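Breakdown of the fold
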Amino acid sequence: AILKDPVNICSFSQFNQYWILQALGNAGRMEHALASIKLCWGTPMKLGRGCFWENSSPEWLSFMKDGDAPPGLQSYCHPWASGVTAWLTHTLLGIQPLLPGYKAFLASPYVSVTYPNVEGSISTPAGKIYVNATLHETEGIYTIYAVIKSSVPGYFGLHPRLLLPNGKHD
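Observations concerning the sheet that holds strand 3 (residues 117–124)
Within the open sheet, the 3 strands sit side by side as 3-4-5. Their pairing is antiparallel. Either end of the sheet is taken by a strand with one partner, and the two such strands are strand 3 and strand 5 (141–150). Each adjacent strand pair in this sheet contributes to an overall mean axis angle of 10°, direction not counted. Both strand 4 (residues 127–138) and strand 5 contribute to a ladder of 10 bridges, which runs antiparallel. Residue pairing for strand 5: T134 is matched across the bridge by Y145.

Structure, rendered in structure tokens:
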């Protein structure tokens, strides 16, 4: 039950939170994973440092203002706290290498009613890979439009579960 409630899953350490995020994505709980990103990584972004803090808590927004120093001594730009960026690229945008150096890749972007569009790119030794996917609904029929641009061979796939407006998966 705790993995269904993003309010209760934020770890004090952003490094630890990455593993919770990974578990949510692997369990097919993408909506919860994305909600946890906003909640858990949103605090440092909202408080004006523009970088990934070593530690943070959503409760800090209740007593801190933009630019305030957080409790304790910590790094304001902590590389181990940036795992969310790789997760967003590999899981939300869905770009995964199939061969070393991205000489071939899989693009399997996640879109849903809550998150109907995903767009981004990744620079690789083999060149840039660009993905844009959008979910459209017409009279109860859902269609995903995708554009993938790359100079290397790639494959397109869909996440196995699409969250529909009634909360059911298809």
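The rest of the description comes next.
Considering the layout of surface pockets
Where empty space is left can be seen by rolling a probe of water-molecule size over the atoms. Counted as a void, the largest pocket has a volume near 150 Å³. Q22, G25, N26, G28, M30, H90, T91, G94, Q96, S108 and H159 together form the lining of the largest pocket. Examining the composition of the lining of the largest pocket, we find that 3 residues originate from one element, helix 1 (residues 14–26), more than from any other. Along the lines of polarity and charge, the residues of the lining of the largest pocket split into 1 nonpolar, 10 polar and no charged.

The rules behind the values
- Residues numbered from 1 in each chain as written.
- Predicted model: local features only at pLDDT ≥ 70, side-chain atom pairs only at ≥ 80, totals over all residues.
- Heavy atoms only, no water.
- Pairing = 2+ DSSP bridges.
- Helix = DSSP H or I, 4+ residues; strand = E, 2+ residues; numbered from the N terminus.
- Axes fitted to C-alpha atoms, helices over the stretch in contact; angles between N-to-C directions.
- 1 Å grid on protein atoms, 1.4 Å probe; cavity = no way out; pocket = protein on both sides within 12 Å on 5 of 7 lines; lining within 4 Å.
- Points joined across faces, edges and corners; volume = space filled by probe spheres on them.
- Nonpolar A, V, L, I, M, F, W, Y, C, P; charged D, E, K, R; others polar.

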